[in-house]
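Observations on the three-dimensional arrangement
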Amino acid sequence: MNEQEPTIEILAETDRFNLIRTEEPDGETTYHLEMGNVTVHFFREEWNELVKAIKELGDYATTG
C-alpha cells in the first residue's frame, strides 16, 4: 500500500502560536492553529469564516 503523505506548510510562527496548513492527498485543505498545548483544526470553510471574523474584529477595534 502506497499512501501519500500530506503536504505541510508553516504559514506563521511566533513565540506562542504556530499556524500550519496541510494539503491532504484527497485534496482536503486543513489549517491547524497551535497555541501552547492546544491545537485547533479548521477545514477550509471554517478557516475562511474565522479569518473574516478576525478582519471584522480588527475593523471594530480601530473604529472603537
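Quick summary incoming for the structure in this document.

Conventions we followed
Residues numbered from 1 in each chain as written. Predicted model: local features only at pLDDT ≥ 70, side-chain atom pairs only at ≥ 80, totals over all residues. Heavy atoms only, no water. Helix = DSSP H or I, 4+ residues; strand = E, 2+ residues; numbered from the N terminus. Rg over C-alpha atoms; globule rule 2.2 N^0.38 Å. Buried < 20%, exposed > 50% of the residue type's maximum accessible area, 1.4 Å probe, protein only. Contact = heavy atoms within 4.5 Å. Areas by Shrake-Rupley, 256 points an atom, 1.4 Å probe, with all protein chains shown as cover. Lys, Arg positive; Asp, Glu negative; His and termini not counted. Charge placed at Lys NZ, Arg CZ, Asp CG, Glu CD. Pairing = 2+ DSSP bridges. Axes fitted to C-alpha atoms, helices over the stretch in contact; angles between N-to-C directions. Patch = residues over 30% accessible without salt bridge, like charges linked within 9 Å, V, L, I, M, F, W, Y side chains within 5 Å. Salt bridge = Lys/Arg side-chain N within 4 Å of Asp/Glu carboxyl O. Phe/Tyr/Trp six-rings, centres within 6.5 Å; stacked < 30°, edge-to-face > 60°.

Turning next to the overall build of the chain. The helix and strand inventory of the chain stands at 1 helix and 4 strands. What you see in the chain, going N to C, is helices and strands ordered as β-β-β-β-α. Relative to the globule expectation of 11 Å for 64 residues, the C-alpha radius of gyration of the chain, 15 Å, shows a markedly less compact shape. If one aligns the C-alpha atoms of the chain with their principal axes, the spans along those axes are about 55 × 25 × 15 Å. When burial is assessed residue by residue, the chain has 14% of its 64 residues classed as buried. When contacts within the chain are restricted to residue pairs at least 6 apart in sequence, long-range pairs at least 24 apart make up 2% of them. For the chain, the accessible surface area stands at approximately 5400 Å², while carbon and sulfur atoms represent 52% of it. Across the chain, the mean location of the 5 positive side-chain charges is 9 Å away from that of the 15 negative side-chain charges.

Strand order in the open sheet formed by 4 strands is β1-β2-β3-β4, with antiparallel pairing between adjacent strands. Two strands close off the open sheet at either side, each with one partner strand: β1 (7-13) and β4 (38-43). For this sheet the average axis-to-axis angle between neighbouring strands, irrespective of direction, equals 20°. Across 7 bridges, strand β2 (residues 17-23) lies against strand β3 (residues 29-35) in antiparallel orientation.

This brings us to a nonpolar patch on the surface. Together, F17, M35 and V38 line one region of the surface with nonpolar side chains, adding up to about 230 Å² of accessible area. Tracing the backbone through its elements, the reader meets F17 in strand β2.

Within this structure, the stated rule accounts for 2 aromatic pairs. A ring pair is formed by Y31 and W47, whose centres lie 4.8 Å apart and whose planes are at 10°; its orientation type is stacked. Of the two residues, Y31 sits in strand β3 while W47 sits in helix α1 (residues 44-63), which places them 16 residues apart along the sequence. Residue classification places W47 among the buried positions, given a relative accessible area of 13%. Feature note: the residues Y31, F42 and W47 constitute an aromatic cluster, connected by ring pairs.

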